[in-house]
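# Observations on the three-dimensional arrangement
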Amino acid sequence: MKTVIVGISSSVAAFKSVQLVSDLLKEGLDVEVIETKNATEFVTPLQFSSLTKHKTYVNTFDRVENYDVEHISLAKKADVFIVAPATANVIAKLANGIAEDMLTTTFLACDCEKIIAPAMNTKMYENPITQENIEKLKKYGVKFVEPATGLLACGDEGKGKLASVDDLKEAVLSSLREKKLAGRKVLITAGPTMEAIDPVRFISNHSSGKQGYALAKAAKNLGAEVTLVSGPVSIKEPYGVNTIKVKSALEMFEEVKKHFDEVDYVVMSAAVADYRPKNVASQKLKKSDDDMSIELVRNPDILKYLGEHKTKQKICGFAMETENQLENATKKFFGKNCDLLVLNDLFEKGAGFKGDTNVVTLITKENNEKLEMMSKEELSYVILNKLMEV
């Protein structure tokens, strides 16, 4: 079992750490908590101990039941150490090697992955001294989860809010993953496209983007530099991913071409419209008693273009079929020059649009492999591992 140390300093945002600890425990991790003395004014040690079933550490010189030097024994067992929230004061101490309490001494003694999530007033965060301390820690390999922008506890508005619990959790989970894609660049497309008819109406499909966003998150966790080109979805942008928002198939095509030459892997999970209206009305089309017809023209076949122009890249395509699934998908695999193709069956229970699970068949030159139903997050790692193998 992997061990995560969560360090908590004296910020109003300390209450978020309770949820973070709870979420990490649900991931099957062993969690140890260290609070600064002032942090206990916001969240008591008992609250964390009730969750972790471990003692919550505060004082380096607490009486102990054994002869271990606690900050050293904790440091040795840690796989990742995250300080969330981290005040300007704690960041300054860590940047300059000042070890005066349990949190700072343990942090200094750790040689595991280290993450800091700042939380403070905007002026304090933007102060050149704080920024210099942050850059100094980054130079030593410490990772940072950027603070969010919004209304702060002091009443000011700006950058300095502790990042969301989801982003903090993802930063920890990413650090614990084997970095199979370290040094690699991955391009992923996700979601539907919207093809305008007039300023009000458009042609689209039911894609939610969940599988594509899960793939982007997984690729990031595996150490890749990830670019996500996303159609219109209502999903939060994945932490640490370069997300580019587009609407139409033509916009997606241009963004994909822009980044294609520099990447190693491409996963085309977006549901791209095959057609678009030939003419887009500048004003809303009025209803009449007559039937209406709209002339459509073909959109560029992005996957085919990539298959024809690939050099070093490995390409994964997606297919959604309602009949003759395997036959049609295999034809697409060879016709688009893919290295891997993921076949979705719209009518398979647990598959299809908008859900959190999927049932797919993986098609390669060697064979076809039907997978059991699994979460889209779990499937993302299977797809990426397969793409690395082919």
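Quick note: structure is the one above.
Our subject in this report is the structure included herewith. From a predicted model like this one, the values you see are computed outputs, not experimental measurements.

From N to C terminus, the protein chain includes 13 helices and 21 strands. Judged by the C-alpha coordinates and their principal axes, the protein chain covers about 80 × 50 × 40 Å. Looking at the protein chain residue by residue over its 390 residues, the buried ones come to 49%. Summarising the internal contacts of the protein chain: among those between residues at least 6 apart in sequence, 65% fall at separations of at least 24. Accessible surface, the protein chain as shown: approximately 19,600 Å² in total, 49% of it carbon and sulfur.

A pair of packed helices is captured by two measures, namely the crossing angle of their axes and the spacing between those axes. Viewed as axis vectors pointing N to C, helix α1 (residues 15-26) and helix α8 (residues 165-176) meet at an angle of 45°, and their least axial separation amounts to 10 Å. If you check the angle between α1 and α8, you find them oblique. Relative to α8, α1 is oriented so that their crossing is right-handed. Together, Lys16, Gln19, Leu20, Asp23 and Leu24 of α1 and Val165, Leu168, Lys169 and Val172 of α8 make up the contact between the two elements. Along the lines of polarity and charge, the residues of the contact of α1 with α8 split into five nonpolar, one polar and three charged.

Here we take up the nonpolar core. Ranked by internal contacts, the top residues of the largest apolar core, which has 30 residues, are Leu181, Ile188, Ala219, Val267, Cys316 and Ile383. Looking at which element gives the most residues to this core, the answer is helix α13 (residues 376-389), with six residues. Apart from residues lying up to four places away in sequence, alanine 219 is in contact with Leu181, Val186, Ile188, Ala224, Val226 and Leu384. In this structure, Ile8, Ala13, Val80 and Ala171 belong to the second largest nonpolar core, which totals 28 residues.

On to the pairing of strand β17 (residues 340-345), then. Among the six residues of β17, six are classified as buried, and the element is accordingly described as predominantly covered. By the alternation rule, side chains of β17 split into Leu340, Val342 and Asn344 and Leu341, Leu343 and Asp345, which are all buried. In this sheet, β17 lies alongside strand β16 (residues 314-321) in parallel orientation, the contact comprising six bridges. Considered in β17, the bridge of cysteine 316 is made with leucine 340. One crossover worth recording links β16 to the parallel β17 by way of helix α12 (residues 325-335), and it is right-handed. Looking at chain direction, β17 and strand β19 (residues 360-363) are connected through four bridges and run antiparallel. Bridge pairing in β19 places asparagine 344 opposite valine 360.

Within the secondary structure layout, valine 33 lies in strand β2 (residues 30-35). For valine 33, a relative accessible area of 1% corresponds to the buried category. A C-alpha to C-alpha distance of 5.3 Å links valine 33 and threonine 56, two positions 23 residues apart in sequence.

We now examine the sheet that holds strand β5 (residues 143-144). Read from one edge of the open sheet, five strands run β2-β1-β3-β4-β5, paired in parallel fashion. Looking at which strands have only one partner, the edges of the open sheet turn out to be β2 and β5. Strands β1 (3-8) and β2 of the sheet are contacted by helix α2 (residues 45-52), whose axis makes an angle of about 170° with β2. The strands that helix α5 (residues 102-109) touches are β1, β2, β3 (80-86) and β4 (113-118); relative to β3, the one it contacts most, it runs at about 145°.

On to the layout of surface pockets, then. Sizing a probe to match a water molecule and rolling it over the atoms shows the empty space that remains. In this structure, the largest pocket spans a volume of roughly 870 Å³. No other element matches β16, which puts four residues into the lining of the largest pocket. Partitioned by chemical class, the residues of the lining of the largest pocket number 14 nonpolar, 13 polar and nine charged. In this model, the second largest pocket occupies a volume close to 510 Å³. Lining the second largest pocket are 18 residues, with Tyr213, Ala214, Lys217, Ile235 and Glu377 sitting closest to its centre.

Two elements in contact, α1 and α2, have axes separated by 10 Å at closest approach and are oriented at 10°. Relative to α2, the element α1 lies roughly parallel. For the pair α1 and α2, the contacting residues are Ser17, Val18, Val21, Ser22 and Leu25 in the first and Phe48, Leu51 and Thr52 in the second. Within the contact of α1 with α2, the residues separate by chemical class into five nonpolar, three polar and no charged.

The rules behind each value
Sequence positions are assigned chain by chain, starting from 1 and proceeding in written order. Only residues with pLDDT of 70 or above have their local features reported here, since the model is predicted, and side-chain atom pairs are shown and tallied only from 80 upward, although totals for entire chains, interfaces and linings are computed over all residues. Hydrogens and water are ignored here; the side-chain numbers use all heavy atoms of the structure. Secondary structure is summarised from DSSP: a helix means a run of H or I of at least four residues, a strand means a run of E of at least two, and numbering begins at the N terminus for each. Only protein chains enter the accessibility calculation, which uses a 1.4 Å probe; a residue is then buried when its area is under 20% of its type maximum, exposed when over 50%, and partly exposed in between. By the convention used here, residues are in contact when the closest approach between their heavy atoms is within 4.5 Å. Accessibility throughout is a Shrake-Rupley quantity obtained with a 1.4 Å probe, and a residue counts as covered only by protein chains that appear here. A fitted line through C-alpha atoms serves as each axis, taken over the contacting stretch for helices, and the angle formed by two N-to-C directions is quoted from 0 to 180°. If an angle is under 35 degrees, it is roughly parallel; if it is over 145, roughly antiparallel; if it lies from 65 to 115, roughly perpendicular; otherwise it is oblique. Put simply, a crossing is left-handed when the front helix is turned counterclockwise from the back one by less than a right angle, and right-handed when it is turned clockwise. For this scheme, ten residues count as nonpolar: Ala, Val, Leu, Ile, Met, Phe, Trp, Tyr, Cys and Pro. Four count as charged, namely Asp, Glu, Lys and Arg, and the remainder, Gly too, count as polar. Here, the term nonpolar core denotes a set of buried Ala, Val, Leu, Ile, Met, Phe, Trp, Tyr and Cys residues that are joined through side-chain atoms within 4.5 Å. DSSP bridges decide pairing: two strands pair if at least two such bridges lie between them. When the strands point away from the viewer and the path from the first strand over the helix to the second turns clockwise, the crossover is right-handed. Detection works on a 1 Å grid of protein atoms alone, calling trapped sets that fit a 1.4 Å probe cavities and calling open sets with protein on both sides within 12 Å along at least five of seven lines pockets, with lining residues defined by an atom within 4 Å of a point. Grid points are joined across faces, edges and corners, and a volume is the space filled by probe spheres set on the points.

Remember, this is a structural readout, not a statement about activity or role.
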